[in-house]
Amino acid sequence: MRIVFMGTPDFAVPCLERLVSDGEEVVGVFTQPDKPKGRGYTLAPPPVKEEALKHNIPVFQPKSMRDGEALAVLERLQPELIVVVAYGKILPKEILYFPKYHSINIHASLLPKYRGSAPIQWSILNGETVTGVTSMLMDEGIDTGDMLLRAETEIPEDMTAGELHDVLAKLGAQVLSETVAAICENRLNPIPQTGESNYAPMLTKDLCPIDFSRSALEIHNQIRGLSPWPVATAMWQGKRLKIFRSELGGKTDAPAGTIVSTDGAIAVACGDKTVLRILELQQEGKKRMSAADFLVGHAVKVGSALQ
């Protein structure tokens, strides 16, 4: 099938790889423009562009999808299907419905839950134990199109958003492969989205500060959901600590925020009289390290507090 692929970040790369390995005719790739990166602000290509160039697939990076440039490219390429995976741009009606089979999207949640740009992180922030990937027919709404296929996966108690991202990227490639095959064989039955729906907005640093009056489980989910970015934070001796990994501990009667143990981890009392064990962190201006290594070089006293 003649396919135009639209995607930008690492999450979309396995999907593009799978289309190529399946022998689909990917006639063009649309991705976001190159962006400055690093201290020197050197222009760096998106991961999807790098993957497309490996396979000699033409790459297009329009600044707008509404000025006619993108539509003119599609008219030259004549795709039968557009596949969208974390592209980052809203497609106008004339592009959505241009190909014979219209446009499909791979979304990293079990729709209709977690529509929006950060479904992976919000599923963990909200303490979900199961998530997955859904393929859908795109419409003019935001992740509101009819569902095609889906696959589920469990979210282990200590899995971070970064780790779940990698699992769902691979799962998304499998769902995409099955969806394209089903389209070719005319055996899909689109299902309208009904039932409970919520929105997963972009993450901001306003979510980062930890409130130790909350339960250990809520804080643990906050740390997992914000790792590796933008990262949950706490204050210790006037310095900010980024906290990347934690685990649940036991019970305590100590006030919230009090450090109750330093036996290879920084164990902190939380608001529901439970303990959170901090396992990996980074002090501002320093390298990311295990809590055990941090404790070797810092005098963290039991009875002192994190804020």
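The shown structure was predicted, so the numbers you read here are calculated from the model rather than taken from an experiment. (Residues numbered from 1 in each chain as written. Predicted model: local features only at pLDDT ≥ 70, side-chain atom pairs only at ≥ 80, totals over all residues. Heavy atoms only, no water.)

Asker: Can you help me understand the overall build of the protein in this one?
Answerer: Summing up its helical and strand segments, the protein has eight helices and 15 strands in all. In terms of its C-alpha atoms, the protein occupies a principal-axis envelope of roughly 70 × 45 × 30 Å. Within the protein, the proportion of its 307 residues that are buried is 49%. Taking all contacts inside the protein whose residues are at least 6 apart in sequence as the whole, residues at least 24 apart take part in 64%. (Helix = DSSP H or I, 4+ residues; strand = E, 2+ residues; numbered from the N terminus. Buried < 20%, exposed > 50% of the residue type's maximum accessible area, 1.4 Å probe, protein only. Contact = heavy atoms within 4.5 Å.)

Asker: Even after reading the chapter, I still don't get the sheet that holds strand 8 (residues 130-137), so can you show me in this structure?
Answerer: Strand-to-strand pairing in sheets goes through backbone hydrogen bonds, with the strands running parallel or antiparallel. With mixed pairing, seven strands are arranged side by side in an open sheet as 5-2-1-6-7-8-9. A single partner strand is all that each edge strand has here, and the edge strands are strand 5 (59-60) and strand 9 (147-154). In the sheet, strand 7 (residues 103-107) pairs with strand 8 via four bridges, with the strands oriented antiparallel. Residue pairing across strands places Ile104 opposite Leu137, the latter belonging to strand 8. (Pairing = 2+ DSSP bridges.)

Asker: Before we go on, may I ask you to explain the packing of helix 1 (residues 13-21) against helix 6 (residues 161-184) in this structure?
Answerer: Packing of helix 1 against helix 6 leaves a shortest axis separation of 8 Å and a crossing angle of 40°. Taken together, the axes of helix 1 and helix 6 lie oblique to each other. The chirality of how helix 1 crosses helix 6 is right-handed. Where helix 1 approaches helix 6, its residues Pro14, Cys15, Arg18 and Leu19 are matched on the opposing element by Ala169, Gly172, Ala173, Gln174, Leu176, Ser177 and Val180. Here the residues of the contact of helix 1 with helix 6 are counted per class, giving seven nonpolar, three polar and one charged. (Axes fitted to C-alpha atoms, helices over the stretch in contact; angles between N-to-C directions. Parallel < 35°, antiparallel > 145°, perpendicular 65-115°, else oblique. Left-handed = near helix turned anticlockwise from the far one by under 90°. Nonpolar A, V, L, I, M, F, W, Y, C, P; charged D, E, K, R; others polar.)

Asker: I keep staring at the pattern of salt bridges and nothing clicks. Help me out?
Answerer: In total, this model carries twelve salt bridges according to the counting rule given. Here the salt bridges share partners, and the residues they tie into one network are Glu163, Arg245, Glu280 and Arg288. (Salt bridge = Lys/Arg side-chain N within 4 Å of Asp/Glu carboxyl O.)

Asker: What should I look at first to understand the nonpolar core in this one?
Answerer: Proteins that are soluble and globular tend to have nonpolar side chains buried together. Formed by 39 residues in total, the largest nonpolar core has its most connected members in Phe5 and Val83. Setting aside residues no more than four positions away along its own chain, Val83 makes contact with Ile3, Val4, Phe5, Met6, Leu19, Ile104 and Leu176. Among the nonpolar cores identified, the runner-up in size contains 30 residues, and Leu203, Phe212, Ala216 and Ile223 belong to it. (Core = buried A, V, L, I, M, F, W, Y, C linked by side-chain atoms within 4.5 Å.)

Asker: Sorry if this is basic, but what is going on with helix 2 (residues 47-54) here?
Answerer: Residues spaced three or four apart along an α-helix face the same direction, because each turn holds 3.6 residues. Buried residues of helix 2: Val48, Lys49, Glu51 and Ala52, and no others. Around the axis of helix 2, the buried residues are gathered within 165° of arc, so they sit on the same side. Summarising the contacts, the buried residues of helix 2 are in contact with strand 1 (2-7), helix 1, strand 2 (25-30) and strand 5. One or two steps after helix 2, the chain reaches Asn56, where phi turns positive at roughly 60°. (Arc of directions from axis to C-beta.)

Asker: Help me understand the packing of aromatic side chains, please; the structure alone is not making it clear to me.
Answerer: Aromatic rings in a pair are described by how distant their centres are and how their planes are angled relative to each other. For the coordinates displayed, the defined rule picks out two aromatic pairs. Look at Phe30 and Phe60: their rings are 5.5 Å apart centre to centre, the planes differ by 35°, and that puts the pair in the tilted class. Pair noted here: Phe30 is in strand 2 and Phe60 is in strand 5, with a separation of 30 residues, a long-range link. Residue class for Phe30 comes out buried when judged on its relative accessible area of 0%. A residue is classified by how much of its surface remains accessible, and Phe60, at 18% relative accessible area, is buried. When the centroid spacing of 5.6 Å and the interplanar angle of 70° are considered together, the rings of Trp236 and Phe294 count as edge-to-face. Taken together, the residues span a long stretch of sequence, with Trp236 in strand 10 (residues 232-236) and Phe294 in helix 8 (residues 291-297) at a distance of 58 residues. Classification of Trp236 as buried rests on a relative accessible area of 6%. A cation over a ring is seen here: Arg288 above Phe244, with NZ or CZ 3.8 Å from the ring centre. (Phe/Tyr/Trp six-rings, centres within 6.5 Å; stacked < 30°, edge-to-face > 60°. Lys NZ or Arg CZ within 6 Å of the ring centre and 35° of its normal.)

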